[in-house]
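Understanding the architecture of this molecule
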Amino acid sequence: MNRARPGRDRRARRVDARGGLARVEGCVPRVAVVGGGIAGLSAATVLAERGVGVTLYERDAQLGGRLAGWGTRLADGSEATMSRGFHAFFRQYYNLRALLRRTDPGLHGLTGLPDYPLRHRDGGQDGFARVPRTPPLSALGFVAQSPSFGWRDLGRMNPRAALPLLDVGVPEVYEALDGVSAAEFLAAIRFPEAAHHLAFEVFSRSFFADPATLSAAELVLMFHIYFLGSSEGLLFDVPREPFPQALWDPLARYLDGLGVRIRTGTAVAGVRPDGEERVEVAAGAGAERYDGVVLALDTGGLQAVAAASPELVDPRWRERIGGLRTAPPFLVSRLWLSRPVAGDRHGFLGTAGYDGLDNVSVLDRWEGEAHRWALATGGSVVELHAYAVDPAERRCRVEERLVHRLREVYPETADAKIVDARHEWRADCPLFTVGGYRDRPGVRTGDARVVVAGDMVRTGLPVALMERAATSGFQAANALLERWGVRGETLWTVPRRGRSAAGRALAGLGRR
């Protein structure tokens, strides 16, 4: 395995926080951070490092949000850590990596997978290991090497419709394309059908949504982040151990050393203004007063707090929060098998055309805990994901179908017994629906005491998924620190515009 690289693309954009004091002086302000996922942990870290008194509320028993993990006992008596499944730590996640470096400066807790392979049921397969990293050669190299593209296919494409890909800005990409679905955008370009299904559908479903309902702006932004806006490409890293051991337990100890009060298993019932300067946060059996609050919640959690807080911000803001949507249910099935998968199988494989199976991970290829179990038993640990599942489907049928498809993708698993299995059903990811960008919350709310963070939040920067959560958490902390004249966290991002001058010029012609 390749060790995670500690650096960043030399053309990454630096976004400096406003100047001010290095730490708070005099009376120490107190802030409630509501939510212990990536966004909340990012905000709490920056605030505590500047001397702010922080209380971190998390309704679940563990930190990590959608990257949380918890212990479970398997049928063979062994202990294991279950989670909500595989996540790719792409190398353009500069701000998330900055958070992780607080406890792991060299990012030794991450390890690189050698490729991001994609396979379609009809036999097509793509990968990114040999694709050049430097834009625009990255996109051209993918087209040249991909079996999904032929010269005849390229001749049939509509280059004018593809011009927005060459110069992506924020918020301009939303102004231009948020009213169009990802499926409509790809159809207008006339991408080859194989490329449409194998590459772009796999990418769009990483947002837990069907391309027909996903905003084209999010898909185009992702194309910019990974192909034309950075030199890191689509290779990524994964944690060497389960999420709690690798990421959140060390960060919790770090925050504890900074004086942060971490209150897991404590849901916030509501927030209300307290005079002109403070807010009151109701949680558990009582309420406490703070100088500011960071609402770092998933969509449903944010809606619940807003609905229970009739004086929070203003009616229009609460109405917009109430109108946010969550993506359809998704399933993570983890199987502990009695036999190993073939030695040449990838640690991760994106799939398309397999009746809802979106990817397969062989965890014992890279996660220490799973590897040790496989060594001890002679078996393997495999994880299957299905996104955007029809809510009307019977869950047991979906679970059974994924196992059948695994045996089709990796035939050697057909003879393996399932020692144990865990099936995690969730429906709490944001849905970036067509036309929904304008009503998504920004970090600032109009009330200087109240800020919002999370992967559904508008940041004004070209970031997505876990990186959007980390970035918005830093921005939320910075917004509160401005009130007390304290300098915030420096942010990093891929360039806000296309890196190729020729590409920007062509895109400009398309806008005329």
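The present account deals with the structure reproduced in this document. The model shown is predicted, which means the values in this text are computed figures rather than measured ones. (Residues numbered from 1 in each chain as written. Predicted model: local features only at pLDDT ≥ 70, side-chain atom pairs only at ≥ 80, totals over all residues. Heavy atoms only, no water.)

Observations concerning the sheet that holds strand S14 (residues 278–283)
- Strand order in the open sheet made by the three strands is S13-S14-S15, with antiparallel pairing throughout. Two strands in the sheet have a free side with no partner beyond their single neighbour: strand S13 (268–274) and strand S15 (286–290). Across this sheet, the average inter-strand angle for adjacent strands is 20°, counted without regard to direction.
- Where S14 and S15 come together, five bridges link them in antiparallel fashion. Looking at the pairing, valine 281 lines up with glutamate 288 of S15. (Pairing = 2+ DSSP bridges. Helix = DSSP H or I, 4+ residues; strand = E, 2+ residues; numbered from the N terminus. Axes fitted to C-alpha atoms, helices over the stretch in contact; angles between N-to-C directions.)

Considerations on the nonpolar core
- Leu47, Trp248, Val294 and Leu295 are the most contacted members of the largest nonpolar core, which has 138 residues in total.
- Among the elements that take part in this core, helix H9 (residues 216–228) stands out by supplying 11 residues, more than any other.
- Setting aside chain neighbours within four positions, we find leucine 47 in contact with Val31, Val33, Val52, Val54, Val294, Ala477, Leu480 and Leu481.
- Formed by 21 residues, the second largest nonpolar core is a distinct cluster that contains Leu335, Leu337, Tyr410 and Ala416. (Core = buried A, V, L, I, M, F, W, Y, C linked by side-chain atoms within 4.5 Å. Buried < 20%, exposed > 50% of the residue type's maximum accessible area, 1.4 Å probe, protein only. Contact = heavy atoms within 4.5 Å.)

Regarding helix H10 (residues 243–257)
- Given a rise of 1.5 Å per residue, 15 residues ought to cover 21 Å, and the 20 Å separating the end C-alpha atoms of H10 matches this to within 8%.
- One or two steps after H10, the chain reaches glycine 259, where phi turns positive at roughly 90°. (Expected span 1.5 Å × (residues − 1).)

As for the side chain of threonine 351
- With respect to the helices, strands and loops of the structure, threonine 351 is situated in strand S18 (residues 348–352).
- By relative accessible area, threonine 351 is classed as buried at 1%.
- From its side chain, threonine 351 meets the backbone nitrogen of asparagine 359 in a polar contact 3.4 Å long. (Polar contact = N/O pair within 3.5 Å; in protein donor to acceptor, adjacent residues only side chain to side chain.)

These figures come from the coordinates and say nothing about function on their own.
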